[in-house]
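# Chain and residue survey
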Amino acid sequence: MIWIIPIVILFAFFNLAFIVAQLKKNNGLADMAWGLGFVVVAVTSLLVAQTYHLYQLVITGLVLLWGLRLFFYIGLRNWSKPEDFRYVNMRKKWGKHVHLKAYFIVFMLQMTFLLIVALPILLSANTDVLINQTGYIILIIGVILWIIGFIFEAVGDAQLKTFKSNPENKGKIMQSGLWKYTRHPNYFGEALMWWAIWIISMSTLSWINILGIIGPLFITYLLLFVSGVPLLEKKYKDNEAFQAYAKKTSIFFPLPPKK
């Protein structure tokens, strides 16, 4: 029951998001639903479990902070803007039955991916144990890593937004701040936060929560090889300034720039 109710509510949420996106003629709104969908899973899982252990409260609080920040950041940016180039390209490839294909290929697929990534949340909600001293140490390590990840994502986004808002930077490549050490600080930060959520779930020392590692492994794979890094790298493959930047800057994990 702890699993069923959050999944049903998430399904309803993504159907609502799909309807709004079709009315707006913008499938890019699925990106807004992504962050808020995790909030739906975390909050409903906690309320259904009704155990309210420290690790459950911490996970819910951190997911709430991350999800709402992402929702408002993407929402304010995308709500009145044209559809993102990724979804425009999808429409061109689909040809016929674009609404039906958008429903399954964009919204339902994204909901499925979300549930895989959210495994540590669902498993920790289904774990009813009190953590010991070792568990507290693991929890603290997880929170510290999560904060580092959050800084990379939130500060990286803010730095890029400020850079792009300056007309003098039109056509230029962001190479300062966190972007000096990794070409994708926001994606690195997101991956690190999900690894941290799994680590926090392991503060229970429960063997079943080990399965939650599928979540951070999956999101890291998506960001590195599917929908994150590859799409942006491909977008700038013919940009000489970006290629020069790429030669000296780590693609994902933050490292000192090469000379």
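Residues numbered from 1 in each chain as written. Predicted model: local features only at pLDDT ≥ 70, side-chain atom pairs only at ≥ 80, totals over all residues. Heavy atoms only, no water.

Take the overall build of the chain next. Counting its secondary structure elements, the chain contains 11 helices and 0 strands. Its helices and strands taken in sequence order, the chain reads α-α-α-α-α-α-α-α-α-α-α from the N to the C terminus. Over its C-alpha trace the chain gives a radius of gyration of 19 Å, about what one expects of a compact globule, namely 18 Å for 259 residues. C-alpha atoms of the chain, sized along the principal axes, occupy 55 × 50 × 25 Å. Look at the contacts in the chain between residues 6 or more apart in sequence, and 81% of them connect residues 24 or more apart. (Helix = DSSP H or I, 4+ residues; strand = E, 2+ residues; numbered from the N terminus. Rg over C-alpha atoms; globule rule 2.2 N^0.38 Å. Contact = heavy atoms within 4.5 Å.)

This brings us to the nonpolar core. Ranked by size, the top nonpolar core spans 62 residues in total, and within it Leu10, Phe14, Phe38, Ile121 and Trp194 carry the most contacts. Considering each element in turn, this core owes the most residues, 10 residues, to helix H2 (residues 30-49). With residues up to four places along the chain from it excluded, the contact list for tryptophan 194 reads Phe38, Val63, Trp66, Val117, Ile121, Pro216 and Ile219. Ranked by size, the runner-up nonpolar core spans 7 residues in total, among them Leu160, Phe163, Ile173 and Met174. (Core = buried A, V, L, I, M, F, W, Y, C linked by side-chain atoms within 4.5 Å. Buried < 20%, exposed > 50% of the residue type's maximum accessible area, 1.4 Å probe, protein only.)

End to end, helix H5 (residues 98-117) covers 27 Å across 20 residues, agreeing with the expected 28 Å (1.5 Å per residue, within 8%). At methionine 108, H5 shows its largest kink, close to 25 degrees. Inspection of H5 places Ala102, Tyr103, Val106, Phe107, Met108, Gln110, Met111, Leu114, Leu115 and Val117 among the buried residues, and these make up the whole buried set. Tucked inside the fold, the buried residues of H5 contact helix H1 (4-24), H2, helix H4 (85-94), helix H6 (119-125), helix H8 (185-201) and helix H9 (214-225). (Expected span 1.5 Å × (residues − 1). Bend = angle between axes of the 7 residues up to and from the residue.)

The full count for this structure, using the stated rule, is 18 aromatic pairs. Note on phenylalanine 188 and phenylalanine 253: the rings are 5.3 Å apart at their centroids and 85 degrees apart in plane angle, and the pair reads as edge-to-face. One end of the pair, phenylalanine 188, is in helix H8; the other, phenylalanine 253, is in the segment after helix H11 (240-248), with 65 residues separating them in the sequence. Here phenylalanine 188 falls in the buried class, since its relative accessible area comes to 9%. What makes phenylalanine 253 exposed here is its relative accessible area of 52%. Centre to centre, the rings of tyrosine 236 and phenylalanine 242 are 5.1 Å apart; their planes meet at 25 degrees, and the pair counts as stacked. Classification of phenylalanine 242 as buried rests on a relative accessible area of 5%. A network of ring pairs unites the aromatic residues Phe18, Tyr103, Phe104 and Phe107 as a single cluster. Lying across the ring of tyrosine 73, arginine 69 places its NZ or CZ 5.4 Å from the centre. (Phe/Tyr/Trp six-rings, centres within 6.5 Å; stacked < 30°, edge-to-face > 60°. Lys NZ or Arg CZ within 6 Å of the ring centre and 35° of its normal.)

What the second largest pocket holds in volume is close to 160 Å³. Forming the boundary of the second largest pocket are Phe13, Leu16, Ala17, Val20, Leu29, Met32, Ala33, Leu36, Phe71 and Trp79. Secondary structure elements with two or more residues in the lining of the second largest pocket: H1 and H2. Counting residues per element, the lining of the second largest pocket draws most heavily on H1, which supplies 4 residues. Within the lining of the second largest pocket, the residues separate by chemical class into 10 nonpolar, no polar and no charged. (1 Å grid on protein atoms, 1.4 Å probe; cavity = no way out; pocket = protein on both sides within 12 Å on 5 of 7 lines; lining within 4 Å. Points joined across faces, edges and corners; volume = space filled by probe spheres on them. Nonpolar A, V, L, I, M, F, W, Y, C, P; charged D, E, K, R; others polar.)

With that settled, the discussion passes to unusual backbone geometry. Phi angles above zero are rare outside glycine, and histidine 97 is one such case at about 55 degrees. For leucine 205, which is not glycine, the phi torsion reads 55 degrees and is therefore positive.

Attention now moves to empty space enclosed by the protein. Applying the stated criterion to the full structure yields 2 cavities of 30 Å³ or more. Considered as a void within the structure, the largest cavity measures approximately 40 Å³ in volume. Forming the boundary of the largest cavity are Ala42, Ser45, Leu46, Gln56, Ile59, Thr60, Ile121, Ser124 and Ala125. Sorting the residues of the lining of the largest cavity by element identifies H2, helix H3 (54-78) and H6 as the ones contributing at least two each. Among the residues making up the lining of the largest cavity, the classes are represented as 5 nonpolar, 4 polar and no charged. Its boundaries defined by the atoms lining it, the second largest cavity holds a volume of some 30 Å³.

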